[in-house]
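# Architecture and fold: a report
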Amino acid sequence: MSEFTIDVQPSDGTRRLPIYLLLDCSYSMKGASIEAVERGVEFFVQETMADTFAKETVHVGVILFGGTASMATEGLVPVTALTPPKLTAAGNTPLGAAFGLLDKSLDSDYRANVPGQEKGDWKPLVFILTDGEPTDDWEGPRRTILARQSGKVLNVITVGCGPLVNQELLERIAVGATFQMDGSEASFQKFFRWVTQSVQRAAKQVSGEEGAAAPKEMPAPPEGLVFIPQYNP
Amino acid sequence: MPTVTLKEVSAGLPTTITVVGQPRVGGEGEVYFSNDERYAVKVYHPQVKGGPSTEDREKSLSYVRSLFQRLPEDQAEFILPPLALVDRFDGQPRVGFVMRRVPSEYQEVFEFVFTPMQAAQQFREGRTWADYLRVSRCMASCIDVLNRKGCTHSDIQYHNFLVHLKTGRAVMLEADGVVVRGFLRAKVDGFPGFMAPEILASGAGPSEKTDRHSLAVLLLHTLLFRNVMNPLIEYDTDVDQSEKIGWGEQAVFSEHPSDRRNRPSKVGMPLFRRGALSYHTLGPRLEALTDRALIEGLRAPSNRPSAQEWVKALACALDEVYGCGRCRQHFIYPHWQLPPERRACPFCGERVAVPRPVVMDLLEEKQRGAFQVSGRRLVLGEGFKVFADILDPRRMPPVSRQSEPVAAQCAWMARSNRYVLVNQSDGVWTSWMADGSRGPRVGRGESVPLQPGMKLLCGDGSRLLRVVEAPE
């Protein structure tokens, strides 16, 4: 059958599971940190592809913020089509602009659940990794994301990383469950392992494999991630 | 290495076994493998609040064990019943049981059918759709074995069947959870996408009738690589609620003749050209069962066909399989489609080239000398074999024909532009021409040209072959 090309497409009506990764690429991440993040994304892609349900349903949007904020993927792309981006750490930390891009992508790329219309997506899962020192106007964009989250259409996790992370500020920028970790390579590894497990867990929940009675929670965060209570003005 | 002491031991099993390695931990318990790789041991977690009591669990296991203890070999292969109960695990009293270990080449059928992508990968590795047909038949047999003992499964879905595509075999998991009336109730209501609509819409409990729905969905998923009940529209802004309504109250078969809400946009277009397989490619028999299960029976459970009906139809469908000359894929030859020139491969869309295969009806003797159509058809191309079971009216096609004697073989005679059937059995065949006149008698090694309307009786008491179509 080798000469014949088999070109198949997924069945209609397969809900996508959108995953957003907002990754800080500012100067403070230079060196081992940014390399660890890059490897972390590779690990995430590889592991997600190893699970058949996740492979066919997970769609990823990567937003990088360092100097400027940009979407590294063309909207939400299937994990099978995601090339882990090459990362360089430079510039300041435009977290507000990153929130803005997330908001825009949720408007244009995420398929909402509208009765009577074509089937939409599962609830998106957003991971934000930052050094915790935003340098632009982030408060307004954060409120927009918080409003979406309170509408229960979004699950967000924020992780502040590195030696410079300012706990007080982290509390203020936090969206969703928020954690703090150090900037060691091992911590980044643990973080991405946790992201991967959370995505696999979410996939298992939406596929029904965990049973309807399964708690709709993420796996427990790894050791080294310290929970930060959220600041809600 | 922990030692497991057993009780209620079935014949041929040791009274203690040793398990090795890390267990696989699931929601209900842990599964270990024996050091000789022959057995798996499931040990339940200590009794959880609200879960079945130790006594109830043991009573149920013990009953299921005795129920399936003396299954004939051709049924035993389909399920993994308890062979013995755990008395002590590593010296501690625990509840559990021993079952046969399934070879590691077996995988969940989910891995092969979840989307057309998984199937395409198998096709690239040399598997064909006929392997999926065999697997479907065996999965239906698994449920048939349960039903024959008055049991239901309650969780029929693609994670609960381990299959070996290459040989077309399947084994059902979760035999310890089977529902026997008067014993433990079903562990779960079922799996999303496979549950009967009445479970979601009106809270009905699992039963043999809801099993029938799940089985139909599973079999069609395996044959068409899509869930044929998948809702394509949203019913609520809340995803979970929308899912519940779409599979429950508002459930519609994807190829419902008038309600097109769930109809995939490319259904009926060649699968290998980004299309989706239609259930109409499965032939009239399987189509009729699907109609009963998912159109007429969707809200009237008593219409749903039994596992046994599926087994029969799927087993016979194998004799109607033909190969595509272009993509080499196997499919049910669409002999029902007229004119024959329109017949095409559902995978790549290529028209079936001439000479098109011979199509025969299999007739069975109801009274002496009076033959009736059995509904079975036989499709024969160059080199196709007619196995002994096809001619024997008391038999159904076996799961494997590896040791089945060949009664005849079909060959293409280019010079005369005809197919002939060569007698490879010891019996002498009698033939009749289309006009009713006697045709030649055919002894071993002799052949007879196949012409439309002709009939062949391949020995005393055999099924009668009637040629419906053959190149003229």
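Residues numbered from 1 in each chain as written. Chains lettered and ligands numbered in written order. Predicted model: local features only at pLDDT ≥ 70, side-chain atom pairs only at ≥ 80, totals over all residues. Heavy atoms only, no water.

This next bit is on the overall build of chain A. When you go through chain A residue by residue, the secondary structure sums to six helices and eight strands. Starting at the N terminus, the α and β elements of chain A follow one another as β-α-α-β-β-β-α-β-α-β-α-β-α-β. Principal-axis analysis of the C-alpha atoms places the extent of chain A at approximately 55 × 40 × 30 Å. The long-range share in chain A, meaning contacts at least 24 apart out of those at least 6 apart in sequence, stands at 76%. Roughly 10100 Å² of accessible area belongs to chain A as shown, and the carbon and sulfur atoms make up 49% of that amount. In chain A, which carries 20 positive and 29 negative side-chain charges, the distance between the mean positions of the two groups comes to 5 Å. (Helix = DSSP H or I, 4+ residues; strand = E, 2+ residues; numbered from the N terminus. Contact = heavy atoms within 4.5 Å. Areas by Shrake-Rupley, 256 points an atom, 1.4 Å probe, with all protein chains shown as cover. Lys, Arg positive; Asp, Glu negative; His and termini not counted. Charge placed at Lys NZ, Arg CZ, Asp CG, Glu CD.)

Turning next to the pairing of strand S11 (residues 169–172) of chain B. As paired strands, strand S10 (residues 161–164) of chain B and S11 of chain B are joined by four bridges and run antiparallel to one another. The partner of Phe161 of chain B across the bridge, within S11 of chain B, is Met172 of chain B. (Pairing = 2+ DSSP bridges.)

Our focus in this paragraph is the nonpolar core. Ranked by size, the top nonpolar core spans 152 residues in total, and within it Phe225, Trp310, Phe347 and Leu421 of chain B carry the most contacts. Per-element accounting of this core gives the leading share, twelve residues, to helix H5 (residues 129–148) of chain B. In contact with Phe347 of chain B, other than residues within four places in its own chain, are Phe123, Trp129, Phe225, Pro270, Leu271, Phe272, Arg273, Leu277, Cys327, Gln329, His330 and Phe331 of chain B. Of all hydrophobic cores here, the second largest spans 24 residues; its members include Leu95, Leu146, Val156 and Leu170 of chain A. (Core = buried A, V, L, I, M, F, W, Y, C linked by side-chain atoms within 4.5 Å. Buried < 20%, exposed > 50% of the residue type's maximum accessible area, 1.4 Å probe, protein only.)

Right, let's talk about the sheet that holds strand S21 (residues 447–449) of chain B for a bit. All names here are of chain B. An order of S17-S18-S19-S21 is seen for the four strands of this open sheet, with the pairing classed as antiparallel. Both outer strands of the open sheet, strand S17 (385–387) and S21, are each paired with one neighbouring strand and no more. Ignoring which end each strand starts from, the neighbouring axes of this sheet average 25 degrees apart. Sheet topology places S17 next to strand S18 (residues 406–413); three bridges connect them, and they run antiparallel. Directly across from Lys385, in S18, lies its bridge partner Gln409. (Axes fitted to C-alpha atoms, helices over the stretch in contact; angles between N-to-C directions.)

This part is about the sheet that holds strand S22 (residues 455–457) of chain B. All names here are of chain B. Spatially, S16-S15-S23-S22-S20 is the arrangement adopted by the five strands of the open sheet, whose pairing is antiparallel. The open sheet is flanked by strand S16 (370–380) and strand S20 (430–432), the only strands paired with a single partner. Within the sheet, the average angular offset between the axes of one strand and its neighbour, ignoring direction, is 25 degrees. Taken together, the three bridges between S20 and S22 define a ladder with antiparallel strand orientation.

Many structure descriptions define interface size as the accessible area lost when the parts assemble. Taken together, the contact between chain A and chain B spans 31 residues of the former and 40 residues of the latter. Together chain A and chain B conceal approximately 3100 Å² of surface at their shared face, both sides included; 58% is due to carbon and sulfur atoms. At the junction of chain A with chain B, the criterion picks out three salt bridges. Where Glu243 of chain B meets Arg15 of chain A, a salt bridge forms, and the shortest distance between an N and an O atom there is 2.7 Å. Inspection of the chain A/chain B interface yields 19 residue pairs in polar contact (both at pLDDT 80 or more). With four residues, the single largest contributor to the side of chain A that touches chain B is helix H2 (residues 52–57) of chain A. Of the residues that constitute the side of chain A that touches chain B, the class distribution is nine nonpolar, 13 polar and nine charged. (Buried area = accessible area lost by both parts, 1.4 Å probe. Salt bridge = Lys/Arg side-chain N within 4 Å of Asp/Glu carboxyl O. Polar contact = N/O pair within 3.5 Å; in protein donor to acceptor, adjacent residues only side chain to side chain. Nonpolar A, V, L, I, M, F, W, Y, C, P; charged D, E, K, R; others polar.)

Residues and elements named next belong to chain B. Structurally, chain B comprises domain 1 (3–100), domain 2 (107–320) and domain 3 (357–469). For domain 2 versus domain 3, the distance between C-alpha centres works out to 34 Å. In this complex, domain 2 contributes ten residues to the contact, which on the side of domain 3 involves 13 residues. Each partner contributes to the roughly 1000 Å² buried at the junction of domain 2 and domain 3, and carbon and sulfur atoms together form 54% of this total. Among the residues domain 2 hides against domain 3, the three largest losses belong to Arg137, Asp319 and Glu320. Together they make up 50% of the total. (Domains from an automatic or database assignment.)

Now for the side chain of His221 of chain B. Tracing the chain through its elements places His221 of chain B in helix H7 (residues 208–224). The residues contacting His221 of chain B, other than those within four sequence positions of it, are Val113, Phe114, Tyr158, Phe194, Arg226 and Asn227 of chain B.

Turning our eyes to something else, we now look at the confidence of the model for chain A. With 92% of its residues at a pLDDT of 70 or more, chain A has an overall mean of 88. Here strand S8 (residues 226–228) of chain A stands out as the least confident element of chain A, with mean pLDDT 77; strand S4 (residues 77–78) of chain A is the most confident, with 97. (pLDDT = per-residue confidence, 0-100.)

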